[in-house]
Amino acid sequence: MSQYRAIRGMVDVLPDETPLWQMLEQTARDVLAAHGYAEIRTPIVESTELFARSIGEVTDIVEKEMYSFPDRNDDSLSLRPEGTASTVRAAVQHNLIQSPQRVWYMGPMFRYERPQKGRQRQFHQLGVETFGVAGPEQDAELLLMCRQWWTRLGINDVLTLELNTIGSPEARASYKAALTDYLRDHFDSLDEDSQRRLDTNPLRILDSKSVTTQAILDDAPSMAEYLDEESQRHHERLCQLLDMAGLTYTSNPRLVRGLDYYNKTVFEWTTDKLGAQATVCGGGRYDMMVGQFGGKATPASGFAAGLERLVLLMQTLNLDAIAAPDLYIVSSDENAFGQAMLEADRIRVEFPGLGVVQHLGGGSFKSQFKRADKSGAAWAMVFGAEEMVSGKVTLKALRANEEQMTLSREELDVFLGQLEQLTNEY
RNA sequence: GUGGCUGUAGCUCACCAGGUAGAGCACCGGAUUGUGGCUCCGGAGGUAGUGGGUUCGAGACCCAUCAGCCACCCCA
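### Observations concerning the overall build of chain A
When you go through chain A residue by residue, the secondary structure sums to 16 helices and 16 strands. Each of the three principal axes of chain A carries a C-alpha extent, and together these read 95 × 55 × 45 Å. Considering only intrachain contacts with a sequence separation of at least 6, the fraction spanning at least 24 residues in chain A is 70%. Looking at chain A as shown, the accessible area adds up to about 21700 Å², and 49% of this sits on carbon and sulfur atoms. Here chain A contributes 43 positively and 62 negatively charged side chains, and the mean placements of these two sets differ by 3 Å.

### Here we look at the protein's contact with RNA strand B
Looking at RNA strand B, there are 49 residues lining it, with Arg119, Arg197, Arg204, Arg257 and Glu386 nearest. Of what RNA strand B places within 4 Å of the protein, 56% of the atoms are sugar or phosphate. Here a sugar or linking oxygen of RNA strand B and a side-chain polar atom of glutamate 65 are 3.3 Å apart. Between a sugar or linking oxygen of RNA strand B and a main-chain N or O atom of threonine 279, the distance comes to 2.5 Å.

### Looking at the nonpolar core
Formed by 41 residues in total, the largest nonpolar core has its most connected members in Leu143, Trp149, Trp150, Ile155, Trp269 and Leu310. By residue number, the principal contributor to this core is helix H5 (residues 136-153), which donates eight residues.

### Describing the sheet that holds strand E16 (residues 405-407)
Ordered by their spatial adjacency, five strands build an open sheet running E13-E12-E14-E15-E16, and the pairing between neighbours is mixed. At either margin of the open sheet sits one strand with a lone partner, and together these are strand E13 (356-358) and E16. Across the sheet, the mean angle separating the axes of adjacent strands is 25° when strand polarity is ignored. Pairing of strand E12 (residues 327-331) with strand E14 (residues 379-383) involves five bridges; the strand directions are parallel. Bridge pairing in E14 links tyrosine 328 to alanine 380. Helix H13 (residues 334-350) rests against E12, E13 and E14 of the sheet, and its axis sits at about 165° to E13. On the sheet, helix H14 (residues 365-375) packs against E12, E14 and strand E15 (393-397) and is oriented at approximately 170° with respect to E12.

### Structural notes on a positive patch on the surface
Together, Lys366, Lys370, Arg371 and Lys374 line one region of the surface with positive charge. In this structure, lysine 374 sits in helix H14.

### So, the side chain of serine 231
Within the fold, serine 231 resides in helix H10 (residues 229-244). Taking relative accessible area as the criterion, serine 231 reaches 0% and is therefore assigned buried. With residues up to four places along the chain from it excluded, the contact list for serine 231 reads Thr165, Gly167, Ser168 and Lys264.

### What to know about the packing of H13 against helix H16 (residues 409-424)
Between two packed helices, the angle of one axis relative to the other and the distance separating the axes together describe the packing. Two elements in contact, H13 and H16, have axes separated by 12 Å at closest approach and are oriented at 45°. In terms of orientation, H13 lies oblique with respect to H16. When you trace H13 past H16, the crossing you get is right-handed. Facing Glu343, Arg346, Ile347 and Glu350 of H13, the residues of H16 in contact are Arg409, Leu412, Asp413 and Leu416.

### Points about unusual backbone geometry
The residue lysine 264 is not glycine, and still its phi comes out positive at about 50°. Relative to the assigned elements, lysine 264 resides in strand E9 (residues 263-270). The backbone phi angle of asparagine 318 is positive, close to 60°, even though this residue is not glycine. Mapped onto the elements of the fold, asparagine 318 is located in the loop between helix H12 (307-316) and E12. Overall, the relative accessible area of 70% leaves asparagine 318 in the exposed class.

### So, the domain arrangement of chain A
Each assigned domain of chain A is listed with its residue range as follows: domain 1 (18-168 + 228-316) and domain 2 (327-425). In this structure, domain 1 and domain 2 have C-alpha centres spaced 47 Å apart.

### Remarks on H13
Taking 1.5 Å of rise per residue, 17 residues should cover 24 Å, and H13 covers 24 Å from first to last C-alpha, within 8% of that figure. Within H13, burial applies to Ala336, Ala340, Glu343, Ala344 and Ile347. Buried positions in H13, seen along its axis, are confined to an arc of 110° and lie on one side of it. What points out from H13, more than 90 degrees from its buried face, is the exposed set Glu334, Asn335, Leu342 and Val349. For H13, the secondary structure elements touched by its buried residues are E12, E13, E14, helix H15 (385-390) and H16. N-capping of H13 is provided by aspartate 333, with a side-chain oxygen placed 3.1 Å from the backbone N of asparagine 335.

### Side note on the packing of aromatic side chains
Scanning all chains against the criterion turns up 11 aromatic pairs. Look at tyrosine 261 and tyrosine 262: their rings are 4.8 Å apart centre to centre, the planes differ by 55°, and that puts the pair in the tilted class. There is no split in this pair, since tyrosine 261 and tyrosine 262 are both buried. The rings of Phe131, Tyr261, Tyr262 and Tyr286 are connected pair by pair, giving a single aromatic cluster.

### Describing the pattern of salt bridges
Scanning the model with the defined rule gives 22 salt bridges in all. In this structure, glutamate 229 and arginine 233 form a salt bridge, with 3.6 Å as the shortest nitrogen-oxygen distance. Taken as a pair, glutamate 229 and arginine 233 lie in helix H10 at a separation of four residues, close to a single helical turn. In this pair, the class of glutamate 229 matches that of arginine 233, namely exposed.

What counts, and where the lines are drawn
Residues numbered from 1 in each chain as written. Chains lettered and ligands numbered in written order. Predicted model: local features only at pLDDT ≥ 70, side-chain atom pairs only at ≥ 80, totals over all residues. Heavy atoms only, no water. Helix = DSSP H or I, 4+ residues; strand = E, 2+ residues; numbered from the N terminus. Contact = heavy atoms within 4.5 Å. Areas by Shrake-Rupley, 256 points an atom, 1.4 Å probe, with all protein chains shown as cover. Lys, Arg positive; Asp, Glu negative; His and termini not counted. Charge placed at Lys NZ, Arg CZ, Asp CG, Glu CD. Near = heavy atom within 4 Å. Polar contact = N/O pair within 3.5 Å; in protein donor to acceptor, adjacent residues only side chain to side chain. Core = buried A, V, L, I, M, F, W, Y, C linked by side-chain atoms within 4.5 Å. Buried < 20%, exposed > 50% of the residue type's maximum accessible area, 1.4 Å probe, protein only. Pairing = 2+ DSSP bridges. Axes fitted to C-alpha atoms, helices over the stretch in contact; angles between N-to-C directions. Patch = residues over 30% accessible without salt bridge, like charges linked within 9 Å, V, L, I, M, F, W, Y side chains within 5 Å. Salt bridge = Lys/Arg side-chain N within 4 Å of Asp/Glu carboxyl O. Parallel < 35°, antiparallel > 145°, perpendicular 65-115°, else oblique. Left-handed = near helix turned anticlockwise from the far one by under 90°. Domains from an automatic or database assignment. Expected span 1.5 Å × (residues − 1). Arc of directions from axis to C-beta. Phe/Tyr/Trp six-rings, centres within 6.5 Å; stacked < 30°, edge-to-face > 60°.

In structure tokens:
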């Protein structure tokens, strides 16, 4: 047991797992690039007020989950609990919003919560934010893009899209009042958490897990009755676009997102394979936020995906990625090692697509070959006494059942060229 | 923040009215000395999460603490 451990809720991603992470991230970058989205990088620390204003003063995130601290000026700073606020701040600060923008970011977020499966205190999100398009076609594009990512990752089949609209701020306010009135009449029958939320965030009661509370909700006024006409049209058009694209979704009128800034479209991608933390990606529209941040009123829409949860999901589906070199070079003595090093160096220049690992630390051929096998390399390349004399090199297939061969340098280059082409076909 | 379960070698686990620890896998080495994967043999590795307490004696019992897991809560 080592003297130091990682801070609670903050985990090390070990070399075994990083290939899967890199695959996940690279796939995301590919999909985003294919849709014309550009990366934005913002600081991990912002003023506490920025998050409080955007996420909502009475949300759990702001009330008790932020890593906040005074800096040396006594200004209150916080580690970002999510990425939208920072992105909007940057977009306003640098005037990115004068024309439509499509941006994404990927990185760590921090929330002081009790850790459990799929929930950590430092976790990673891929966030996507778009500015300047008010219509539902922007929401549809985001959702289609998600689906492409899921498909490339091989997890599309185990994800469900839940969709709802929460209307305009005004519609929501009057609905909130109606719901609160109704629930107040049933106050004593509500579960404890919901009683508390009645004052703080009544809409959150809608997705309470309490059975009795849900029963009470069955007769509660519904959001749909209070929806403004524009939100309704927006929602209908979005559904139409999704239908057209063959993107199936579940309408969930009780889906309410936990952050205060949403309006109209809200959605979550969920899975039943991850236990209680079922949401893998969530987002929606937040048309008021840019204006609140002092920018010109600009519609906006986006989502955030939890990378740990996606990794977990892929692992439970036995989807994996491995990083193995193409060539593992072994050598018999100091002289051969030197030659091998130069050759490895040359190969990496001339065949940059190949992964070349040279054995370090000496040892018998036997132990070197063991290493070669464990590295997962496709081929072992041998520099021994014989090769030193002949000027050739020996190649042994470690995965395929092929006979070992000894090649001249010219033959070697032809071979490596073919190997490089083969590995690039993936 | 609340509740339940758990904490023994790198990993998965076992033993034991309480008498100072074992297995499998992994790791290292070897099986007539230039070749891995299979098999066989050998080896290294643990102050039993940490700190107290009960006891002649505790990994086993009690308390605290830390961490993990599961659920609530919350959300990605």
